[in-house]
Amino acid sequence: MRPDSEAELAEMIAAAEAPLRIGGGGTRDVGRAIAGDMLETGGLSGIRLYEPGALTMVAGAGTPLAEIEAALAAEGQRLAFEPGDWRGLLGTEGESTIGGVVAANVSGPRRVTAGACRDFMLGVRFVDGAGRIVKNGGRVMKNVTGYDLVKLMSGSWGTLGVLSEVSFKVLPEAEARGVLLCEGLSDVQAVSALSRALGAPWEVSGAAHLQRGLDGAPVTMIRVEGLADSVAYRCGELQKLLADIGDFTVERDPERTAAGWRYIRDVAPFHGRAGEVWRLSVTPSQAPEIVARLDGAEAVYDWGGGLVWVLVPDGTPVRAALTGGHATLFRASAARRAEAGVFQPQPAPLAALEAGLRAKFDPKGILNPGLMG
Amino acid sequence: MDMPPPRPERLALKTELVARLTEALGPTGVIHQLAELRAYECDALSAYRCPPMAAVLPRDTAEVAAVLRICHRMSVPVVPRGAGTSLAGGALPTADCVILGVARMNAVLETDFANRVIRVQTGRTNLSVTGAVEEDGFFYAPDPSSQLACAIAGNIAMNSGGAHCLKYGVTTNNLLGVTMVLMDGSVVEIGGAHMDAGGLDLLGVICGSEGQLGVVTEASLRILPKPEGARPVLMAFDSNAVAGACVSDIIKAGILPVAIEFMDRPCIRACEDFAQAGYPDCEALLIVEVEGSEAEIDDQLTRIKAIARRHDPLELREARDADEAGRIWLGRKSAFGAMGQINDYMCLDGTIPVSALPQVLQRIGEMSRDYGLEVANVFHAGDGNMHPLILYDANKPGDLELCERFGADILKLCVEVGGCLTGEHGVGIEKRDLMWHQYEAADLEAQMAVKDVFDPAWLLNPAKVFPLDASEARRGRPAAA
Ligand SMILES: Cc1cc2nc3c(=O)[nH]c(=O)nc-3n(C[C@H](O)[C@H](O)[C@H](O)COP(=O)(O)OP(=O)(O)OC[C@H]3O[C@@H](n4cnc5c(N)ncnc54)[C@H](O)[C@@H]3O)c2cc1C
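Residues numbered from 1 in each chain as written. Chains lettered and ligands numbered in written order. Predicted model: local features only at pLDDT ≥ 70, side-chain atom pairs only at ≥ 80, totals over all residues. Heavy atoms only, no water.

## Focus: the overall build of chain A
When helices and strands are tallied, chain A shows 13 helices and 17 strands. Taking 21 Å as the expected radius of gyration for a compact globule of 373 residues, we find that chain A reaches 21 Å, a close match to that expectation. With the C-alpha coordinates aligned to their principal axes, the bounding extent of chain A is approximately 65 × 50 × 35 Å. Looking at chain A residue by residue over its 373 residues, the buried ones come to 61%. (Helix = DSSP H or I, 4+ residues; strand = E, 2+ residues; numbered from the N terminus. Rg over C-alpha atoms; globule rule 2.2 N^0.38 Å. Buried < 20%, exposed > 50% of the residue type's maximum accessible area, 1.4 Å probe, protein only.)

## As for the site of the ligand
Residues and elements named next belong to chain B. With respect to spatial proximity, 33 residues lie near the ligand, and among them P80, G82, T85, S146 and S160 are the closest. Here a nitrogen atom of the ligand and a backbone polar atom of V216 are 2.9 Å apart. Protein burial of the ligand: of its 980 Å² of free accessible surface, 94% is covered by the chains. Considering each element in turn, the shell around the ligand owes the most residues, five residues, to helix 6 (residues 152-158). (Near = heavy atom within 4 Å. Polar contact = N/O pair within 3.5 Å; in protein donor to acceptor, adjacent residues only side chain to side chain. Areas by Shrake-Rupley, 256 points an atom, 1.4 Å probe, with all protein chains shown as cover.)

## Side note on the interface of chain B and chain A
Tallying the contact residues gives 91 residues for chain B and 70 residues for chain A. Buried surface at the junction of chain B and chain A, both sides included, amounts to about 6300 Å², of which 59% is carbon and sulfur. For E424 of chain B, the salt bridge identified is with K142 of chain A, shortest N-O distance 2.6 Å. At the boundary of chain B with chain A, the tally comes to 29 residue pairs in polar contact (both at pLDDT 80 or more). At the level of elements, helix 7 (165-168), strand 9 (187-191), helix 8 (202-206), helix 9 (240-252), helix 11 (294-309), helix 16 (435-438) and helix 17 (441-454) of chain B are the ones that each hand at least two residues to the side of chain B that touches chain A. The element that contributes the greatest number of residues to the side of chain B that touches chain A is helix 17 of chain B, accounting for ten residues. (Contact = heavy atoms within 4.5 Å. Buried area = accessible area lost by both parts, 1.4 Å probe. Salt bridge = Lys/Arg side-chain N within 4 Å of Asp/Glu carboxyl O.)

## Some remarks on helix 10 (residues 254-265) of chain A
All names here are of chain A. Taking 1.5 Å of rise per residue, twelve residues should cover 16 Å, and helix 10 covers 16 Å from first to last C-alpha, within 8% of that figure. Listed in full, the buried residues belonging to helix 10 are T257, G260, W261, I264 and R265. Projected down its long axis, helix 10 shows its buried positions confined to an angular sector of 135 degrees, all on one face. Along helix 10, exposed side chains directed more than 90 degrees from the buried face belong to E255 and R256. Where helix 10 is buried, its residues meet strand 10 (176-183), strand 11 (204-210), strand 12 (219-226), strand 13 (249-251) and strand 15 (298-302). Near the N-terminus of helix 10, the side chain that reaches the backbone nitrogen of E255, with its oxygen 3.3 Å away, is that of D253. (Expected span 1.5 Å × (residues − 1). Arc of directions from axis to C-beta.)

## As for the sheet that holds strand 11 of chain A
All names here are of chain A. Read from one edge to the other, the open sheet built from eight strands follows the order 13-10-12-11-15-16-14-17, with strand pairing classed as antiparallel. Whereas interior strands pair on both sides, the edge strands pair on one side only; in this sheet they are strand 13 and strand 17 (326-331). The mean inter-strand angle of the sheet, taken between neighbouring strand axes irrespective of direction, is 20 degrees. Here six bridges tie strand 11 to strand 12, and the two strands are oriented antiparallel to one another. Residue pairing for strand 12: L210 is matched across the bridge by V219. In the packing of helix 8 (residues 187-198) onto the sheet, contacts are made with strand 11, strand 12 and strand 15, and the angle to strand 11 comes to roughly 180 degrees. Helix 9 (residues 228-242) rests against strand 10, strand 11, strand 12 and strand 13 of the sheet, and its axis sits at about 145 degrees to strand 12. (Pairing = 2+ DSSP bridges. Axes fitted to C-alpha atoms, helices over the stretch in contact; angles between N-to-C directions.)

Distances and angles like these do not, on their own, reveal function.
Listed below in structure tokens is the structure:
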């Protein structure tokens, strides 16, 4: 099924009696595998409104992410939440859509200070599981008119409704970028360096640590963006601040720094390698201990340690190593995903609220049923 | 604005209710004498007042749960209350409800600088959250003008913003976790020091739910390192349209100030009379503030002033020291006080696309003449969040109603140009019946379905947010045994 309009989408869902698999570009194949008819959003495409002076854009949910990023780049603006490209990690093909980005709340390295995808969402239109068209929020930057279903829809993976249109806030592209690099730090040293940098007034916009960088050695990366002189000044101050932890060098080359952060954003170190990939959302300072508990694991720390991607041997009981936070089984065989559950089961009272919301928004139980567990 | 009439069967329960609440909280935790209940009869929308049946002041999550269990069992509505500074009537009681105030719950539970998070009880005031971390170089970013008084509880319920949210976001962008008690007394924990809570984004929908989904008792808040410094520049223009165009150009140029505040002539005049801030005589004023080191501030302000010069400003005044900076902010910060001095006023907060600014200000001016009521405009221009202040005389019969009709027309205009009814104050009772202008039945139905899940009997702050005719059937529901 491939509706060409929101009205047609609503008709299709109203008429559906069996489970539907909702897909944008099909690049973010995360979650429990579901049987059901494919419902593609590609026909709901196109940028409907773009006001650079108001930092806002409205687009059909099926609009390719690439189209949106190109339109923004032409005005010197960008999606500040830096959504990643997961094709390399998941071995998927196709074109990522903005609706898929929102449904999965895809948020890259800049999330640590700028905010996640959900923080930039201003409004949604969607069709719920009964075929009802619902709008929430709008296209203005501050809006507390009624409940915030925009956030509820962000990261709901198509289980509460099928997005037809999204509106979001964009930000100016930075004039300059500097990246501090240090090789050879232990995980504990690295996370404390990242924490110190994030606790200083230099507006760090990326804070990551790779156990194995391009040349095999551990590398810690801290990003600063802004006006050119300011970036130079802040990088200098950060070097001084971290001097007792390590010798940080500064890279200013636009191409190389951009490539470096894409490498983190897309979890490139794990592309094409055997093993299961988990995504951990944890208290940053606890991240190194958690990783140390996982035998044979390799880790990519982002968000100052708050987000950890780990590559582990098949079957590793990752959730048992956590002390709070949650773990998502991001890449594994379909059988393993079904057995372990992709999303960490919620405590009973929250699970009951979630089940209650699903029963309201998807009374027939047909929207990606079971995908989130 | 109507409120549902109190139900006699509830009023009849008062003696038994007070006894049970007193058993749970002790006599100092329960207020039930009319004279003392007056303190809880209204919030900052003081045109509407009604003492509740009782007020309770629990000390922790367990006591909140005990209160809610009792009220749930007896089918008595509960209105949560922080500091009572809501401008929308969010904390307005009905005569047959219990006010649950969290003011006693004001402890800092944990500060964690390594992970940049503070955990507090939600009765703590906004400013004292910053107070708890500023010696260590941190601050809590959302800064409503009421920050000295308002509580984190109310901030979360209203998803409050402030002058600096252009850069730092509003409450929802700075909230990492909550402990919340549902109406049936069960306690849920969501999120914490990690950056995204698992599962569906319940935190996102709880923030801004105006005390209708649960009573939030504890919160984990993101704290940020304090910037090195900040400096405002004041710009005067001879028309609202030019000032509006200047705002848009600054934003387009890729410089993101922490605040862009806008004042129109009536507001400038009132603030001048009240605070003698030394503002120039002009149609529109902008206050633009940037942050960073001295050199960084110079760099940003040089660019901003260059943009402003292209719009022929009447004056560009950059603060040379803290004293001058204080003077530039003085008038803006005393705007509400200045208005209160002249007259009674109603403060609206519709949001519009920045591009519609000049057009909307002109229409408001025309309506002001038609209604014969003065309006002053002061607002967060960077994000289009307007604050028209309509002046009226509470002692003059019919003036409040006239003012409310005028206010409703302004808000409808905001919706018409692509904006919304409220940017940061919330719906409460004030904009409740205007929701039909923003949303279709299915849109409201989807929101009410969320309340159905959290509070099936519709006992928490039931007569707010949704138009009374839309929520009527639900509010009539008996509680499950
Ligand atoms: C002079 C003045 C200036 C203001 N400036 C701003 C501003 O710049 N920006 C802004 O956003 N607002 C502003 N406000 C509005 C107001 O201060 C905010 O809405 C504030 O967040 C309310 O906090 P409170 O603690 O006083 O809440 P209250 O008024 O007590 O309650 C507000 C709402 O929160 C609910 N609530 C309270 N406690 C809880 C709880 N524990 N759990 C669940 N729900 C709860 C109540 O039921 C009610 O619906 C201003 C108000 C005044 C009077």
